[in-house]
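Single-letter residue listing:
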Amino acid sequence: EGGLAVLKGSLAPNGAVIVMLHGPRGLRAELTSFDPRALQLASRGYFVVMPQYYDATSNERERDKRNLDRWRDVADDVATRMNDVPGMDATRVGVWGVSLGGWLAAEGAMKNASLRSAVAVSAGGDMAPARSFRRQVPILMINAASDPVVSAESVTELATDLRGRGAEIDARTVEGAAHFLAQPQ
């Protein structure tokens, strides 16, 4: 429905929702890397939602303020829509994103109280201008030591900015030179 895919595992739902935000290539291009992660989470009882956030701006991919703000709010919009799903616990909604989606996940969690936590994979401060939202929210940041797209300095810059605005940052660096981390990573 409107670029929104929801997976539900075979286990009884645990009530938690994970909104997965794709990177700059779009959901269709990144679905092969998202599917194994989404299926793994769904098999453990999570509701997994993968919105195509470019649809919020008629597939415009330009990173102007208007588009970034709409894309960031997609995860919160999804969380609001999920409130009507039987078995969903509105107090257990997290957002996970990679690359641009990671930046959107972190900024979304800083703004929207419905998002209780975030995971930002391969996201850095040079992806887009920081916003001013302040909130105490846990954010896990994961990046590869030699990421060819997002430098370690950029990741540190984003982590420092988020921490300064109240986020509880847990930053992890894995070995390697990948931007889109492989399943074992």
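Anyway, here's the lowdown on the structure attached to this text.

Cut-offs and rules
Residues numbered from 1 in each chain as written. Predicted model: local features only at pLDDT ≥ 70, side-chain atom pairs only at ≥ 80, totals over all residues. Heavy atoms only, no water. Helix = DSSP H or I, 4+ residues; strand = E, 2+ residues; numbered from the N terminus. Rg over C-alpha atoms; globule rule 2.2 N^0.38 Å. Buried < 20%, exposed > 50% of the residue type's maximum accessible area, 1.4 Å probe, protein only. Contact = heavy atoms within 4.5 Å. Areas by Shrake-Rupley, 256 points an atom, 1.4 Å probe, with all protein chains shown as cover. Phe/Tyr/Trp six-rings, centres within 6.5 Å; stacked < 30°, edge-to-face > 60°. Pairing = 2+ DSSP bridges. Salt bridge = Lys/Arg side-chain N within 4 Å of Asp/Glu carboxyl O. Axes fitted to C-alpha atoms, helices over the stretch in contact; angles between N-to-C directions. Parallel < 35°, antiparallel > 145°, perpendicular 65-115°, else oblique. Nonpolar A, V, L, I, M, F, W, Y, C, P; charged D, E, K, R; others polar.

**Observations concerning the overall build of the protein**
Part 1: In terms of regular secondary structure, the protein is built from four helices and seven strands.
Part 2: Secondary structure elements in the protein, listed N-terminal to C-terminal, are β-β-α-β-α-β-α-β-β-α-β.
Part 3: In terms of overall size, the protein behaves like a compact globule, its C-alpha atoms giving a radius of gyration of 15 Å where 185 residues would be expected to give roughly 16 Å.
Part 4: Principal axes of the C-alpha set define a box for the protein whose edges measure 45 × 35 × 30 Å.
Part 5: The buried share of the protein, taken over its 185 residues, is 50%.
Part 6: Considering only contacts in the protein between residues 6 or more positions apart, those separated by 24 or more positions represent 71%.
Part 7: Total accessible area on the protein is roughly 8,500 Å²; 52% of this is exposed by carbon and sulfur atoms.

**Section: the packing of aromatic side chains**
Part 1: Applying the stated rule across the entire model yields three aromatic pairs.
Part 2: Relative to Tyr54, the ring of Tyr53 lies with its centre 5.0 Å away and its plane at 65 degrees, an arrangement referred to as edge-to-face.
Part 3: Take Tyr53: its relative accessible area is 0%, and that puts it in the buried class.
Part 4: Residues Tyr53 and Trp71 carry aromatic rings whose centres are separated by 5.6 Å and whose planes lie at 50 degrees to one another, so their mutual orientation is tilted. With Tyr53 in the loop between β3 (47-51) and α2 (65-82) and Trp71 in helix α2, this pair connects stretches of sequence that are 18 residues apart. The burial state of Tyr53 is the same as that of Trp71; both residues are buried.
Part 5: Members of the aromatic cluster, each reached through a chain of ring pairs, are Tyr53, Tyr54 and Trp71.

**Focus: the pairing of strand β4 (residues 93-98)**
For a regular strand, side-chain orientation follows a simple rule: the groups alternate between the two sheet faces.
Part 1: With respect to burial, β4 is a largely interior element, six of its six residues being buried.
Part 2: Both faces of β4 are covered, namely the face carrying Val93, Val95 and Gly97 and the face carrying Gly94, Trp96 and Val98.
Part 3: The pairing of strand β2 (residues 17-21) with β4 spans five bridges and is classified as parallel. Across the sheet, the residue bridging to Leu21 is Gly97, located in β4.
Part 4: The sheet contact formed by β4 and strand β5 (residues 117-121) spans five bridges and is parallel. From the neighbouring strand, Gly97 faces β5, where its bridge partner is Ala120.

**Here's the deal with the pattern of salt bridges**
Part 1: Enumeration according to the criterion identifies eight salt bridges in this entry.
Part 2: The salt bridge partner of Arg25 is Glu30, with a shortest N-O separation of 3.5 Å.
Part 3: Lys111 is paired through a salt bridge with Asp73; the nearest N and O atoms lie 3.4 Å apart. Here Lys111 is found in helix α3 (residues 100-111), whereas its partner Asp73 is found in helix α2, with 38 residues between them in sequence.

**Some thoughts on the packing of α3 against helix α4 (residues 152-164)**
Packed helix pairs are characterised by how far apart their axes lie and by the angle those axes make with each other.
Part 1: The interhelical angle for the contact between α3 and α4, taken along N-to-C directions, is 5 degrees, at an axis separation of 11 Å. In terms of orientation, α3 lies roughly parallel with respect to α4. For the pair formed by α3 and α4, the contact residues are Trp103, Ala106, Glu107 and Met110 on the first element and Leu158, Asp161 and Leu162 on the second.
Part 2: For the contact of α3 with α4, a count of residues per class yields five nonpolar, no polar and two charged.

The values are spatial; any link to function lies outside them.
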